[in-house]
Amino acid sequence: MECVFRSVGLKVAGLLLLTIQLRTDAMVVTSSGPQTIQNAQGNTVNLGCTYTPGPEDTGELDIEWSNVSPDMTQKDKLILSFTGGQTHRYGDPSISSRLKFTGNPKQGDASISISDVRVSDTATYLCKVKKAPGVDTRKVTLVVMVPPSVPKCWIEGGEEKGGPVSLRCKSYQGSNPLSYVWKRETGGALPPDATQDTQTGELLIKNHTDSNVGSYMCEAKNAVGKAQCKYALRAYNPTNKVGIIVGAVIGALLLLLLLLLLIWLLVCCCHKRRYEKEVANEIREDAQAPESRPGSRNSSIRSVLGYRTHPGVHYSSVRKHLPSVSESGHSAIYAGGGNDTLQPAAAGDRHARLQYDHRYGYPV
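All values reported here derive from a predicted model rather than from experimental measurement. (Residues numbered from 1 in each chain as written. Predicted model: local features only at pLDDT ≥ 70, side-chain atom pairs only at ≥ 80, totals over all residues. Heavy atoms only, no water.)

Let us look at the sheet that holds strand E6 (residues 77-83). The sheet built from six strands is open, its strands ordered E2-E11-E10-E5-E6-E7 with mixed pairing. Of all strands in the sheet, those with a lone pairing partner are strand E2 (36-40) and strand E7 (86-89), marking the two edges. Within this sheet the neighbouring strands show an average axis-to-axis angle of 20°, counted without direction. Alignment of strand E5 (residues 61-68) against strand E10 (residues 123-131), held across eight bridges, turns out to be antiparallel. Bridge pairing in E10 links Asp62 to Lys130. (Pairing = 2+ DSSP bridges. Helix = DSSP H or I, 4+ residues; strand = E, 2+ residues; numbered from the N terminus. Axes fitted to C-alpha atoms, helices over the stretch in contact; angles between N-to-C directions.)

Let us look at the packing of aromatic side chains. We describe a pair of aromatic rings using the distance from one ring centre to the other and the angle between the two ring planes. Across all of its chains, the model carries one aromatic pair by this definition. Where Phe82 meets Phe101, the ring centres are 6.2 Å apart and the plane angle is 75°; that geometry is what we call edge-to-face. Taken as a pair, Phe82 in strand E6 and Phe101 in strand E8 (residues 99-101) lie far apart in primary sequence, 19 residues in all. In terms of burial, Phe82 and Phe101 fall into one category: buried. In this arrangement the basic side chain of Lys152 is found over the ring face of Trp154, its NZ or CZ atom lying 5.7 Å from the centre. (Phe/Tyr/Trp six-rings, centres within 6.5 Å; stacked < 30°, edge-to-face > 60°. Buried < 20%, exposed > 50% of the residue type's maximum accessible area, 1.4 Å probe, protein only. Lys NZ or Arg CZ within 6 Å of the ring centre and 35° of its normal.)

Another point: the environment of Ser94. Residue placement: Ser94 occurs in helix H2 (residues 93-96). A residue is classified by how much of its surface remains accessible, and Ser94, at 32% relative accessible area, is partly exposed. Among the polar contacts made by the side chain of Ser94, one reaches the side chain of Asp92 at a distance of 2.8 Å. (Polar contact = N/O pair within 3.5 Å; in protein donor to acceptor, adjacent residues only side chain to side chain.)

The next point concerns the confidence of the model for the chain. Mean pLDDT over the chain works out to 80, with 70% of the residues at or above the 70 mark. Low pLDDT, under 50, characterises residues 16-24; the stretch is placed with two contacts to residues that sit more than four places away or in other chains. Counted against residues more than four places away or in other chains, residues 318-351, with its pLDDT under 50, gives 34 contacts. (pLDDT = per-residue confidence, 0-100. Contact = heavy atoms within 4.5 Å.)

So, on to the state of the cysteines. Two cysteines whose sulfur atoms are joined by a covalent bond form what is called a disulfide. Applying the stated criterion across every chain, the model contains three disulfides. With a sulfur-sulfur separation of 1.9 Å, Cys49 is cross-linked through a disulfide to Cys127. An S-S torsion of about -75° defines the bridge between Cys49 and Cys127 as left-handed. With Cys49 in the loop between strand E3 (45-47) and strand E4 (51-52) and Cys127 in strand E10, the pair connects residues that are 78 residues apart, well separated along the chain. Residues Cys49 and Cys127 agree in their burial class; the two are buried. Each bonded cysteine of the chain is numbered by sequence order, and under that numbering the disulfide pairs are 1-2, 3-6, 4-5. (Disulfide = S-S within 2.5 Å.)

A separate point is the pattern of salt bridges. Enumeration over the complete set of coordinates arrives at seven salt bridges. Measuring nitrogen to oxygen at the nearest pair gives 3.4 Å for the salt bridge that ties Asp62 to Lys130. Of this pair, Asp62 sits in strand E5 while Lys130 sits in strand E10, placing them 68 residues apart in sequence. Since its relative accessible area comes to 15%, Asp62 is described here as buried. (Salt bridge = Lys/Arg side-chain N within 4 Å of Asp/Glu carboxyl O.)

A few words now on unusual backbone geometry. The amide bond that connects Ala132 to the next residue, Pro133, takes the cis arrangement and shows omega of 0°. Relative to the helices and strands, Pro133 is located in the loop between E10 and strand E11 (134-145). A cis amide bond, omega 5°, links Asn176 with the succeeding residue Pro177. You can see Pro177 is positioned in the loop between strand E13 (165-170) and strand E14 (179-184). At Asp116, a position not held by glycine, the phi torsion is positive, near 50°. Considering the arrangement of structural elements, one finds Asp116 in the loop between strand E9 (112-114) and E10.

On to the environment of Ser96, then. Mapping Ser96 onto the fold places it in helix H2. Looking at Ser96, the relative accessible area reads 7%, which means it is buried. Taking the C-alpha atoms as reference points, Ser96 and Leu78, 18 residues apart in sequence, are found 9.9 Å from one another. Discounting chain neighbours no more than four positions away, the residues touching Ser96 are Ile79, Arg89, Tyr90 and Gly91.

The next point concerns the sheet that holds E9. Strands sit in the order E3-E9-E8 across an open sheet of three strands; the sheet is antiparallel. Single-partner strands in this sheet number two, and they are E3 and E8. For this sheet the average axis-to-axis angle between neighbouring strands, irrespective of direction, equals 25°. Two strands pair when backbone bridges link them, and E3 and E9 are joined in this way by three bridges, in the antiparallel orientation. Within E9, the residue paired with Asn46 across the bridge is Ser113.

A separate point is the nonpolar core. With 26 residues, the main nonpolar core has Leu47, Tyr51, Ile63, Trp65, Tyr125, Val129 and Leu142 as its most contacted residues. For this core, the elements supplying multiple residues, two or more each, are E3, E5, E6, E8, E9, E10 and E11. If you tally residues by element for this core, the top one is E10, at four residues. Apart from the residues lying within four places of it in its own chain, the contact partners of Tyr125 are Leu47, Trp65, Ser66, Asn67, Val68, Ile79, Ile114, Arg138, Lys139, Val140 and Leu142. The next biggest cluster of nonpolar side chains, apart from the first, holds 17 residues, and it includes Trp182, Cys218, Ala220 and Tyr231. (Core = buried A, V, L, I, M, F, W, Y, C linked by side-chain atoms within 4.5 Å.)

As structure tokens, then:
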């Protein structure tokens, strides 16, 4: 039994050695660079894929670069190939036009470069080298990041002695994760009671003194870049808060008094205008109406009563020079004369006789 087990062990070892030998003689991708590459947006990135064919790999050379789909149920997207001694591009021209082989694919270098990389180029890329019967592959993951923009440094609150001081730093562009580090450029090391948060970019000094005065620098960085900003910290004596509050109260009271004064002036002005208008109305009511002329009054009466004038007859309001008029029905008719007196009309006048009426002041 012991001899049987020894014989089986020798056979297995022989098979393993044969497999290793065959594997060594087959197609092998020999690139040993990083399998995950992080680079800044806008740069040119090289994806390595060198290979060594085996002695039995005599078939036609076929090299393919594909964009690996994150969904295992979807097919990978072919973007670049080398077949029959020619290079072929596939897919979106905005991506494939930025791809090219960096070496000679026939001489064992299937590496490619991607120029002007963008965040949308972040993906896993597969290099597949085939030369029948040998075949081998290599995956490279590219992560395109945006470097941090120049951060902004500022202080929250005041710079009064004896109180807390909060220095802030913030970069508004850049791929996460972003980290912030505060350093003191002048005046020595950071204050012993200072604490900083690398995620939010805050440097908190709990008890501010003159010894903390100096220039401070904040550095924002990620895997592909960094940027800095500076802030000159000062120290001021604390302000008199009681005096500020008292001044604010007095100012508010003065403003209120001024407002009340303006309202009082407006009310007085309105009362004065109303009084002047009422006095003017009373004066108009007490004024004597102008006397009307007799002639105009008589003509107005005639107009109201609807009487018409008679041609050839003179009308006057003077009663002294008029002769008496008979009560009988045969009254004398007076015609207009040149001296404003009425003359008796002829007996044979065809017009109807007129009788003077004292109520109206003219013959009717």
